[in-house]
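So you can see what is in the structure, the chains are spelled out below.
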Amino acid sequence: MTSPSLRPLTEAERLRRAYGTYAVVTGASDGIGRAVAMRLAEAGFGLVLVARRRAVLEALAAELEPRTPIRPVVITADLSVPDDVDRIARETADLDVGLLVAAAGFGTSGPFVDGDLAAELNMIDVNCRALAQLTHLFGRRFAARRRGGIVLMSSLVAFQGVARVANYAATKAFVQSLAEGLAPELKPFGVDVLASAPGPVMSGFGQRAHMTIRSGQTPDEVAVGTLNMLGRRTTVRPGFLAKALEASLMLLPRSARAAMLARVMAGMTQAA
Ligand SMILES: NC(=O)c1ccc[n+]([C@@H]2O[C@H](COP(=O)([O-])OP(=O)(O)OC[C@H]3O[C@@H](n4cnc5c(N)ncnc54)[C@H](OP(=O)(O)O)[C@@H]3O)[C@@H](O)[C@H]2O)c1
């Protein structure tokens, strides 16, 4: 008979042991962040739910409460405001946080020079500046406790420039590169870093970015595919669609990938 200590760990146990007790999830009010928060609550994590919409976060916290032994914490923050990001660090200072999932983000589309510059700079603040700030704050804390995990939301568009989403793709190139560089830096401190690079996902993202996403993965598929690879890889293409797109693109030179994705993006941004 197998002794209990030799029983293989379930994914939930593996994640909780490696990255518990609390997980900070940004973008928890919608889409991928919300799906990640649900999965982590089921795995027994305490959740710190971060986004701008308080009422939505409070409704989610009430939904999660019966699923997790630890009462969820709600922090409303506009991540484009550096003081709000610092407040997340202050308000979690007394919690045993071991996991950061930086899922908050948004996209813009259309010709860059025709777009609203303030919106483009705001996107850099949310997708890059706040993400770097949070990664620095929690990366330090995790390194000091010699245990932790950091998940950064990259994208299929991170691996080449893409016309009509030029600035959005550039923000994701920053995220991808930051994750790849940080992973070996933090590994000796027991901290795992993962870049998650999905293809199209059916969430609130398309509407805000003025893109038509007719088919894509569900946020839950992305959440599960991502969490399963934390501690096992530096980059994951979560789900079947992301892997199929990678397989069809990876053998092409960068310039050919850029040309192909420019054509795809032209179709996704015209009717939107
Ligand atoms: N959907 C896709 O096709 C796709 C593909 C690849 C990568 N991604 C990436 O995956 C991540 C999650 O996207 P999603 O599909 O889940 O999008 P989503 O459904 O639109 O959710 C975005 C989340 O980010 C939060 N957020 C946006 N701006 C914020 C701000 N200034 N301050 C605080 N929170 C903010 C939103 O909450 P509030 O509105 O309540 O603030 C929401 O919870 C993003 O980084 C995105 O770039 C998405």
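1. Some remarks on the pairing of strand S4 (residues 97-102)
Step number 1: Along S4, six of the six residues are buried, which leaves the element largely enclosed by surrounding structure.
Step number 2: Here strand S1 (residues 22-26) pairs with S4 via five bridges, running parallel. Its bridge partner lying in S4, Val 25 is registered against Val 101.
Step number 3: Here S4 pairs with strand S5 (residues 148-153) via four bridges, running parallel. The partner of Val 101 across the bridge, within S5, is Val 151.

2. Here we look at helix H3 (residues 54-64)
Step number 1: Here H3 has its buried residues at Leu 57, Leu 60, Ala 61 and Leu 64. For H3, the angular spread of the buried residues around the axis is 105 degrees, confining them to a single face.

3. Some details on the site of the ligand
Step number 1: In the vicinity of the ligand, 30 residues are found, and the nearest of them are Ser 29, Arg 52, Arg 53, Tyr 168 and Ser 203.
Step number 2: Here an oxygen atom of the ligand sits 2.8 Å away from a polar atom, N or O, in the side chain of Lys 172.
Step number 3: Within the side chain of Ser 203, an N or O atom sits 2.5 Å from an oxygen atom of the ligand.
Step number 4: If the ligand stood free it would expose 890 Å²; the protein chains cover 96% of that surface.
Step number 5: Under a 2 Å grid-point criterion requiring more than half of the atoms, the pocket assigned to the ligand is the largest pocket.

4. Quick notes on the layout of surface pockets
Step number 1: Its boundaries defined by the atoms lining it, the largest pocket holds a volume of some 1100 Å³.
Step number 2: If you trace the largest pocket, you find 46 residues lining it, with Gly 105, Phe 106, Tyr 168, Ser 203 and Phe 205 closest to the centre.
Step number 3: Contributing elements (two or more residues each) for the lining of the largest pocket: helix H2 (31-42), helix H5 (117-145), helix H6 (166-186), helix H7 (205-209), helix H9 (240-249) and helix H10 (254-270).
Step number 4: The element that contributes the greatest number of residues to the lining of the largest pocket is H10, accounting for five residues.
Step number 5: Tallied by class, the residues present in the lining of the largest pocket amount to 26 nonpolar, 14 polar and six charged.
Step number 6: By volume, the second largest pocket is sized at about 160 Å³.
Step number 7: Elements that contribute at least two residues to the lining of the second largest pocket include exactly H5 and H6.
Step number 8: Of the residues forming the lining of the second largest pocket, the biggest block, five residues, is contributed by H5.
Step number 9: Residue composition of the lining of the second largest pocket, by class: four nonpolar, three polar and two charged.

5. Some thoughts on the environment of Ser 215
Step number 1: Take Ser 215: it is sitting in the loop between H7 and helix H8 (219-229).
Step number 2: For the pair Ser 215 and Val 201, spaced 14 residues apart in sequence, the C-alpha to C-alpha distance is 7.7 Å.
Step number 3: Ser 215 has contacts with Pro 200 and Met 202, leaving out every residue within four places of it along the chain.

6. Focus: the packing of H2 against H8
Step number 1: The N-to-C vectors of H2 and H8 enclose an angle of 60 degrees; their axes lie 8 Å apart at closest approach. For the element pair H2 / H8, the angle class is oblique. Once H2 is placed against H8, the crossing between them reads as right-handed. Side by side, H2 and H8 meet where Gly 31, Ile 32, Ala 35, Val 36, Arg 39 and Leu 40 of the first sit next to Pro 219, Asp 220, Val 222, Ala 223, Val 224 and Leu 227 of the second.
Step number 2: Of the residues contributing to the contact of H2 with H8, the split by class is nine nonpolar, one polar and two charged.

7. A word on the pattern of salt bridges
Here the idea is simple: oppositely charged side chains can pair when their charged atoms come close.
Step number 1: Scanning the entire structure with this criterion turns up 13 salt bridges.
Step number 2: Asp 30 serves as the salt-bridge partner of Arg 53, at 3.4 Å between the closest nitrogen and oxygen. Note that Arg 53 is positioned in the loop between strand S2 (46-51) and H3 and Asp 30 in the loop between S1 and H2, a separation of 23 residues in sequence.
Step number 3: Measuring nitrogen to oxygen at the nearest pair gives 3.4 Å for the salt bridge that ties Arg 71 to Glu 65.
Step number 4: The exposed category is assigned to Arg 71, whose relative accessible area is 61%.
Step number 5: Beyond isolated ion pairs, a larger network of salt bridges with shared partners links Glu 11, Arg 14 and Arg 232.

8. Observations regarding H6
Each turn of an α-helix holds 3.6 residues, which means side chains three or four residues apart point in the same direction.
Step number 1: Compared with the 30 Å implied by 1.5 Å per residue over 21 residues, the 30 Å span of H6 between its first and last C-alpha is a close match.
Step number 2: Considered for burial, the residues of H6 that qualify are Asn 167, Tyr 168, Ala 169, Thr 171, Lys 172, Val 175, Gln 176, Ala 179, Leu 182, Ala 183 and Leu 186.

Parameters and conventions
Residues numbered from 1 in each chain as written. Predicted model: local features only at pLDDT ≥ 70, side-chain atom pairs only at ≥ 80, totals over all residues. Heavy atoms only, no water. Buried < 20%, exposed > 50% of the residue type's maximum accessible area, 1.4 Å probe, protein only. Helix = DSSP H or I, 4+ residues; strand = E, 2+ residues; numbered from the N terminus. Pairing = 2+ DSSP bridges. Arc of directions from axis to C-beta. Near = heavy atom within 4 Å. Polar contact = N/O pair within 3.5 Å; in protein donor to acceptor, adjacent residues only side chain to side chain. Areas by Shrake-Rupley, 256 points an atom, 1.4 Å probe, with all protein chains shown as cover. 1 Å grid on protein atoms, 1.4 Å probe; cavity = no way out; pocket = protein on both sides within 12 Å on 5 of 7 lines; lining within 4 Å. Sits in = over half its atoms within 2 Å of the grid points. Points joined across faces, edges and corners; volume = space filled by probe spheres on them. Nonpolar A, V, L, I, M, F, W, Y, C, P; charged D, E, K, R; others polar. Contact = heavy atoms within 4.5 Å. Axes fitted to C-alpha atoms, helices over the stretch in contact; angles between N-to-C directions. Parallel < 35°, antiparallel > 145°, perpendicular 65-115°, else oblique. Left-handed = near helix turned anticlockwise from the far one by under 90°. Salt bridge = Lys/Arg side-chain N within 4 Å of Asp/Glu carboxyl O. Expected span 1.5 Å × (residues − 1).

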